[in-house]
Amino acid sequence: MPRSTSHSQDDRQERTARLTQTAEWPDWVVDRRVPDEVCARAYENAGHLCRAAVKTAMAMYFRYDEPMREVLHESRGDPMSGFWRSRTVFPAPWAVIAVTPRYTASARLLAALMPAIMCGVPQIACVCVDGSPSEQTLVTCELAGIGSVLTLSLAELCALLEETQPGPGRLVLLHEGDLDLVRTQARSLHVPCYEERRPPVLTIPRPEIFDLDVLRFAQGEQPVSRALHSPAPQAPDVLYASAEAVRNHCLASTHAPFSLGMAPLALAPGCEGFWLHHGLGRSFFLAHRVGFGLDRAICAGE
């Protein structure tokens, strides 16, 4: 029978400290932080409904995805075959979420931040490249507890990726091609990178049941206006509909025609501030080390 090897509490604590040593941003980054009073002003200007939408979305993340705050280590072996495996999973040492000044989608920024927060990534920075962050960016970071909101040039962001150690950390780019140079830099440094390169396509069959001002705060003006004034898309990224329609959408046959398209995400009223980036979950912000071996006596045929 396979067996798991347990480790003492002292061993686990020592290993946790070694693997989760806190990365430090370079000293020059401190001068690029957005002042607290600017964040506070944006928070007040957003209004209570928009702030409530962000808070509701955060509560949904914590309700449906359990936070991980500790290093996971396990060793499994099979005495009969001699095979064994050792595995360690721990949070990446740092994460940078990069946006542009034109990025005004609170829900999608929050969806990039929350998996890193829930994994326990020790250093998380939101970087606005070549300009000042939007009100939506500032409010979202304020509510999510992100203390490092930075304004950097493209060259400075590339320098930050190169200087930040230990690594590699994780990089998320929310842009429409403006940050391609950063993606190239990340690849050269072997920093895992996730990208959102376009706004999502929305379909809203019954806009009257949603708070459209909050939805514009969550998704930005362009995607919402396009959904309201253009023909229904054939392949939307998200369906905003009544609770009943959302449940039916999730139960629809994958092989039968479906009038609202096969959107991978469907959201009911009250979920305006929520979003999921498919492919950007907790696993992206976790580092994995896996080792395999074979008992020497078995190899020798003993």
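Given the structure is predicted, the values throughout are model-derived calculations rather than measurements.

### Considerations on the nonpolar core
Link 1 in the chain: Core analysis: the largest hydrophobic core is formed by 61 residues, its most contacted members being Leu109, Leu113, Ile146, Val172, Tyr240 and Phe285.
Link 2 in the chain: Residue contributions to this core peak at 11 residues, all from helix α4 (residues 106-119).
Link 3 in the chain: When near neighbours in sequence (up to four residues on either side) are disregarded, Ile146 contacts Leu113, Ile117, Ile124, Cys126 and Cys141.

### Examining the packing of aromatic side chains
Link 1 in the chain: Per the stated rule, a full pass over the model turns up five aromatic pairs.
Link 2 in the chain: Between the aromatic rings of Trp25 and Trp94, the centroid separation amounts to 6.3 Å while the plane-to-plane angle is 65 degrees, which identifies the pairing as edge-to-face. Here Trp25 is found in the loop between α1 (9-19) and α2 (36-46), whereas its partner Trp94 is found in strand β4 (residues 94-99), with 69 residues between them in sequence. Pair check on accessibility: Trp25 and Trp94 agree, each one buried.
Link 3 in the chain: Between Phe284 and Phe285, the aromatic rings sit 5.1 Å apart at their centres with planes inclined by 90 degrees, giving edge-to-face as the arrangement. Phe285 matches Phe284 in its accessibility class, with the two residues each being buried.

### Looking at the pattern of salt bridges
Link 1 in the chain: Within this structure, the stated rule accounts for 13 salt bridges.
Link 2 in the chain: Where Arg183 meets Glu195, a salt bridge forms, and the shortest distance between an N and an O atom there is 3.5 Å. Taken as a pair, Arg183 in helix α7 (residues 180-188) and Glu195 in strand β8 (residues 193-196) lie far apart in primary sequence, 12 residues in all.
Link 3 in the chain: The partner of Glu221 in a salt bridge is Arg216, with the nearest N and O atoms 3.4 Å apart.

Criteria and cut-off values
Residues numbered from 1 in each chain as written. Predicted model: local features only at pLDDT ≥ 70, side-chain atom pairs only at ≥ 80, totals over all residues. Heavy atoms only, no water. Core = buried A, V, L, I, M, F, W, Y, C linked by side-chain atoms within 4.5 Å. Buried < 20%, exposed > 50% of the residue type's maximum accessible area, 1.4 Å probe, protein only. Helix = DSSP H or I, 4+ residues; strand = E, 2+ residues; numbered from the N terminus. Contact = heavy atoms within 4.5 Å. Phe/Tyr/Trp six-rings, centres within 6.5 Å; stacked < 30°, edge-to-face > 60°. Salt bridge = Lys/Arg side-chain N within 4 Å of Asp/Glu carboxyl O.

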